[in-house]
Amino acid sequence: MSVSAVATDTAVCAPLPVLGRDVRVPLVTGGEVDYAALDYAASAPALQRVWDDVAAYAPYYGSVHRGAGYLSQLSTDLFENSRRTIAEFLGCRADEQVVFTRSTTDSLNLLAAVLPQDTRVFVFETEHHASLLPWEQRADVTVTYLNAPRTPAQAVATLEQALADREPYGPALVCVTGASNVTGELWPVRELAAAAHAHGARIVLDAAQLAPHHPVDLAELDVDWIAFSGHKLYAPFGAGVLAGRADWLRDAEPYLAGGGASRKVSRRTDGGVDVEWHTTAARHEAGSPNVIGAYAIASACKALTEAGFDSLVAREQELITRVREGLAEVPEVRVLSLFGDDAPRVGVLSFVVDGWNSSHFAAALSAEYGIGVRDGLFCAHPLVRTLLGSDPQDPGECGAPEAAPGELSLNAIRVSFGAGTPDEHVDRFLRAVKELVADGARWNYRTVDGRCVAVV
């Protein structure tokens, strides 16, 4: 099954219980409402199941791999069992490794650090900065940035041509997102992996936006590595994962030097030290690990698997359709897209509103309706600039928080949702968009420390 396949005939489930679903927030116009968290693409709320599992373990927390006591042994078992759970969730093959990191960004910087000398890296300009920027930190690595494709087929053709033209022919890595953090559109991962392997290259999948919404399987997609973050997978406890082939990880110097990564350290007669490093995932996990973060990711993997991805995808597709149809009823709204209206996507959509600066619009959604969305360039500046073109919006009352000088109105609004989103949050969002466009904001706003905020 392609990553772009969408469930259409599966029973739709109810929203999964998440923390914060009953949080009340004040409105500048008076009163309170339940907070509508529609910024899942930045950080998803913790699943109640994840929070309960972490709370149950917390009294038994202990050091990992370093203690003879009962709590240390229990924590070690929990940590390593979490690794196995995540490996199963990702469809890892027997000889592949699951390395715990801090985030997707950390995972991809780790992979950049272990690349063989003179590796050629190929990355589309459409990537999140986490997968766009790490590669040039290596002076002995050459990076080729590929222009934004306008169809999935063009993405594959562009990559094939770039790989075929590379000189000299040596180690190569392709980095690609599974789902855009700006448009939510699904990328042709399996086809890109086939193109990479046909030209002797390897491929890493940035699954930060894909894994919370779709099943992700290393073997099925035939990618070499997968990177993702717990805080987008309903496990916001500061951990991430890099999973996949072991050879480059095993052959490189440790990402961090220190305890846990070393198997044996001895003094030499000349006064220095000799170090024998681990060849397992521990080689790149020096220091005391984030046990709770790892366990939280494993708990989220179990919860999503047990809920059934088919039903989760089916429900999310209903929400996506509702949002897209609702926004289409407002002529002033333009939804951003690379691949067109028919492209399959996850619950992430970005848009602009004629006559509004996006920061002003997002601030009004929050202050007047209790709705949390994101505005700016979403750590994907080249992509958003490509999608917006050179015709910026009306500056409105507030400027964009991330914009460079001369681009004070070059920003967009992103709404994102997932397994814990109630229907009411989506309905309130659509009603708010229509009211703001028709009637304008009911409050005054100004820019404070780079953010558009309500005047109080």
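Note that the coordinates shown come from a computational prediction; the quantities given were computed from them, not determined experimentally. Residue numbers restart at each chain and count upward from 1, following the sequence in its written direction. At least 70 in pLDDT is required for a residue's local features to be given in this predicted model, at least 80 for side-chain atom pairs to be given and counted, and no such filter applies to totals for whole chains, interfaces and linings, which use all residues. Calculated side-chain values reflect all of the structure's heavy atoms, with hydrogen atoms and water omitted.

Engineer: What is the right way to look at the overall build of the chain in this model?
Structural biologist: Only DSSP runs of H or I reaching four residues or more are called helices, and only runs of E reaching two or more are called strands; each is numbered from the N terminus. Counting its secondary structure elements, the chain contains 13 helices and 19 strands. Radius of gyration: over C-alpha atoms. The globule rule applied is 2.2 Å multiplied by the number of residues raised to the 0.38 power. In terms of overall size, the chain behaves like a compact globule, its C-alpha atoms giving a radius of gyration of 23 Å where 456 residues would be expected to give roughly 23 Å. Exposure categories follow from relative accessible area, calculated using a 1.4 Å probe and restricted to protein chains: below 20% of the type maximum is buried, above 50% is exposed, and the middle band is partly exposed. Counting over 456 residues, the chain shows a buried share of 55%. In the chain, the proportion of contacts linking residues at least 24 apart, taken out of those at least 6 apart, comes to 72%. Accessible area for the chain stands at about 18,700 Å²; split by element, carbon and sulfur atoms hold 51% of it. Charged residues are defined here as Lys and Arg on the positive side and Asp and Glu on the negative side; His and the ends of the chain fall outside this count. Working definition for charges: the position is that of NZ of Lys, CZ of Arg, CG of Asp or CD of Glu. Between the centroid of the 37 positive side chains of the chain and the centroid of its 58 negative side chains there is a distance of 5 Å. We call two residues contacting when some pair of their heavy atoms lies within 4.5 Å. All accessibility values rest on the Shrake-Rupley procedure with a 1.4 Å probe; residue burial counts only the protein chains present in the view.

Engineer: Mind showing me how you'd approach the side chain of Glu96 here?
Structural biologist: Structurally, Glu96 can be placed in the loop between helix H2 (70–89) and strand E4 (97–101). Two N or O atoms count as a polar contact when they lie within 3.5 Å, although within protein this holds only if one can serve as hydrogen donor and the other as acceptor, and sequence-adjacent residues are included solely when both atoms are side-chain atoms. A polar atom in the side chain of Glu96 sits 2.7 Å from the backbone nitrogen of Arg93. Once residues within four sequence positions are removed from consideration, Glu96 is found in contact with Leu218, Gly244 and Arg245.

Engineer: Hey, could you run me through the packing of aromatic side chains in this one?
Structural biologist: Two rings from Phe, Tyr or Trp (for Trp, the six-membered ring) form a pair when their centres are within 6.5 Å of each other. A pair whose planes differ by under 30 degrees is stacked, one over 60 is edge-to-face, and the rest are tilted. Within the structure shown, the criterion is met by 12 aromatic pairs. Relative to Phe361, the ring of Trp356 lies with its centre 4.9 Å away and its plane at 85°, an arrangement referred to as edge-to-face. For the pair formed by Trp356 and Phe361, the shared burial category is buried. Ring-over charges, as used throughout, are those where CZ of Arg or NZ of Lys falls within 6 Å of the ring centre and within 35 degrees of the ring normal. Across the ring face of Tyr169, the terminal group of Arg166 is positioned such that the distance to the ring centre comes to 4.1 Å. The ring of Tyr369 carries Arg442 above its face, with NZ or CZ at 5.2 Å from the centroid.

Engineer: Explanation requested: the packing of helix H11 (residues 358–369) against helix H13 (residues 423–439) in the structure shown.
Structural biologist: Any two packed helices are characterised by how steeply their axes cross, that is the angle between the axes, and by the distance between the axes. Axes here refer to lines fitted to C-alpha atoms; in helices the fit is confined to the stretch in contact. Angles between the N-to-C directions go from 0 to 180 degrees. For the pair H11 and H13, the least separation of the axes is 11 Å and the interaxial angle reads 115°. Crossing geometry of H11 relative to H13 is assigned as right-handed. Within the contact between the two elements, H11 uses Phe361, Ala364, Leu365, Glu368 and Tyr369 and H13 uses Arg428, Phe429, Ala432, Val433, Glu435, Leu436 and Val437. Residue type decides the class: Asp, Glu, Lys and Arg count as charged, Ala, Val, Leu, Ile, Met, Phe, Trp, Tyr, Cys and Pro as nonpolar, and the leftover types, Gly among them, as polar. When grouped by side-chain class, the residues that make up the contact of H11 with H13 number nine nonpolar, no polar and three charged. Each crossing gets its hand from how the near helix is turned against the far one by less than a right angle, where anticlockwise is left-handed and clockwise is right-handed.

Engineer: Help me out: how do you make sense of the pattern of salt bridges in this one?
Structural biologist: Should the charged atoms of two oppositely charged side chains come close, the side chains can pair. When a carboxyl oxygen of Asp or Glu lies within 4 Å of a side-chain nitrogen of Lys or Arg, that pair is called a salt bridge. Tallied over the full model, the rule gives 27 salt bridges. A salt bridge links Asp34 to Arg24; the nearest nitrogen and oxygen atoms lie 3.2 Å apart. Placement of Asp34 in strand E2 (residues 32–34) and of Arg24 in strand E1 (residues 24–26) is noted, with a sequence separation of 10 residues between them. On the basis of relative accessible area, Arg24 is assigned to the partly exposed category, the value being 45%. Two residues, Arg428 and Glu424, come together in a salt bridge whose shortest N-O distance is 3.0 Å. One end of the pair is Arg428 and the other is Glu424, both in helix H13 and four residues apart, which spans about a single turn. Residues joined in a network through salt bridges with shared partners are Arg202, Asp224, Arg245 and Asp247.

Engineer: Can you help me understand the pairing of strand E11 (residues 262–267) in this one?
Structural biologist: The two faces of a sheet get side chains in turn, since along a regular strand they alternate between them. The buried fraction of E11 is low, at zero of six residues. Sheet analysis places E11 next to strand E12 (residues 273–277), joined by five bridges and oriented antiparallel. Within the sheet, the bridge partner assigned to Arg267 lies in E12 and is Val273. At least two bridges found by DSSP between two strands is the condition for calling them paired. Linking E11 back to E12 in an antiparallel pair, the connection comprises five residues, with Gly271 at a positive phi of about 100°.

Engineer: What exactly am I supposed to notice about unusual backbone geometry here?
Structural biologist: When glycine is set aside, most residues are seen to have a negative phi, and most peptide bonds are trans. Glu167 connects to Pro168 through a cis peptide bond whose omega is -5°. Within the secondary structure layout, Pro168 lies in the loop between helix H5 (152–165) and strand E7 (172–177). With phi around 60°, Asp222 is a residue other than glycine that occupies positive phi space. Inspection of the secondary structure assignment puts Asp222 in the loop between helix H7 (218–221) and strand E9 (225–229). Judged by relative accessible area, Asp222 falls into the partly exposed class, the value being 34%. Non-glycine residue Phe378 carries a positive phi angle of around 60°. Note that Phe378 resides in the loop between strand E16 (374–376) and helix H12 (381–388). Taking relative accessible area as the criterion, Phe378 reaches 5% and is therefore assigned buried.

Engineer: Where do I start with the sheet that holds strand E6 (residues 142–146) in this structure?
Structural biologist: Remark on secondary structure: sheet strands pair via backbone hydrogen bonds, oriented parallel or antiparallel. Pairing in this open sheet of seven strands is mixed, and the strands run E4-E10-E9-E8-E7-E5-E6 from one edge to the other. Lying at the two open borders of the sheet, with one neighbouring strand each, are E4 and E6. Across the sheet, the mean angle from the axis of one strand to that of its neighbour is 20°, orientation sign disregarded. Relative to E7, strand E5 (residues 120–124) runs parallel, the two sharing four bridges. Bridging from a neighbouring strand, Val123 pairs with Cys175 of E7. Where H5 meets the sheet, its contacts fall on E5, E6 and E7, and the angle it forms with E5 comes to roughly 160°.

Scope: geometric values only; no functional claims are made or implied.
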